[in-house]
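Here is how the chains run, residue by residue.
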Amino acid sequence: MKRLPPLPKSELEVARIVWDRGEATVREVADSLPDDRPLDFFTVQTYLRRLTEKGYLKVRRRGRANVYSARVAPTRVIRQVVEEFLQGVFGGETIPLLQHLIRERPISEDEIRQLQTELDKLTGRKS
């Protein structure tokens, strides 16, 4: 499978809105941005065009508007972004990343149970 070009944070934010909605016009994406992240219509349009050119989104016409939707599964993008981060920051090592997250971020009792369930699945134990 062809590797996709890396995404700047701003483009990833716009792509996530499209993925969450299933499909969206430029106006719908602009209106879905958080209040503390206002981008004008033309900036959102530029990001959507770039995402389409890079192969992340596809576009079709609906009346006078372009409607954007996923060309690749968001899980594929997440996998690639995490892998690039893991390689760049932790030299590809998973355990230091997990240790960092556990030590540096608050984790609830429920999240600990969820994590234990995932670990049990990996080791073949029933929880």
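Below is a summary of the structure that appears in this document. Everything numeric in this text was worked out from a predicted model, so none of it was measured.

We now examine the packing of aromatic side chains. What the rule picks out here adds up to 2 aromatic pairs. When the centroid spacing of 5.5 Å and the interplanar angle of 85 degrees are considered together, the rings of Phe 41 and Phe 42 count as edge-to-face. Exposure remark for Phe 41: the relative accessible area of 27% places this residue in the partly exposed category. Summarising the aromatic geometry, the rings of Phe 85 and Phe 90 are spaced 6.0 Å apart at their centres and angled 65 degrees between planes, so their arrangement reads as edge-to-face. Its relative accessible area of 41% is what places Phe 85 among the partly exposed residues.

Before going further, it helps to examine the pattern of salt bridges. According to the stated counting rule, one finds 11 salt bridges in the structure shown. Residues Glu 23 and Arg 60 are paired through a salt bridge, measuring 2.9 Å at the closest nitrogen-oxygen approach. Of this pair, Glu 23 sits in strand S1 (residues 23–24) while Arg 60 sits in strand S2 (residues 57–62), placing them 37 residues apart in sequence. Among the residues examined, Glu 23 registers a relative accessible area of 31% and is labelled partly exposed. A salt bridge links Arg 62 to Glu 23; its shortest N-O distance comes to 3.6 Å. Taken as a pair, Arg 62 in strand S2 and Glu 23 in strand S1 lie far apart in primary sequence, 39 residues in all.

In spatial order, the strands read S1-S3-S2; together these 3 strands make up an open sheet with antiparallel pairing. Because the sheet does not close on itself, it has two edges, and the strands there are S1 and S2. Relative to strand S3 (residues 65–70), S1 runs antiparallel, the two being bridged by 2 bridges. Each residue of the ladder has a partner; that of Ala 24, found in S3, is Tyr 68. Taken strand by strand, helix H3 (residues 41–53) contacts S2 and S3, and its axis lies near 120 degrees from that of S2.

Calculation rules
Residues numbered from 1 in each chain as written. Predicted model: local features only at pLDDT ≥ 70, side-chain atom pairs only at ≥ 80, totals over all residues. Heavy atoms only, no water. Phe/Tyr/Trp six-rings, centres within 6.5 Å; stacked < 30°, edge-to-face > 60°. Buried < 20%, exposed > 50% of the residue type's maximum accessible area, 1.4 Å probe, protein only. Salt bridge = Lys/Arg side-chain N within 4 Å of Asp/Glu carboxyl O. Helix = DSSP H or I, 4+ residues; strand = E, 2+ residues; numbered from the N terminus. Pairing = 2+ DSSP bridges. Contact = heavy atoms within 4.5 Å. Axes fitted to C-alpha atoms, helices over the stretch in contact; angles between N-to-C directions.

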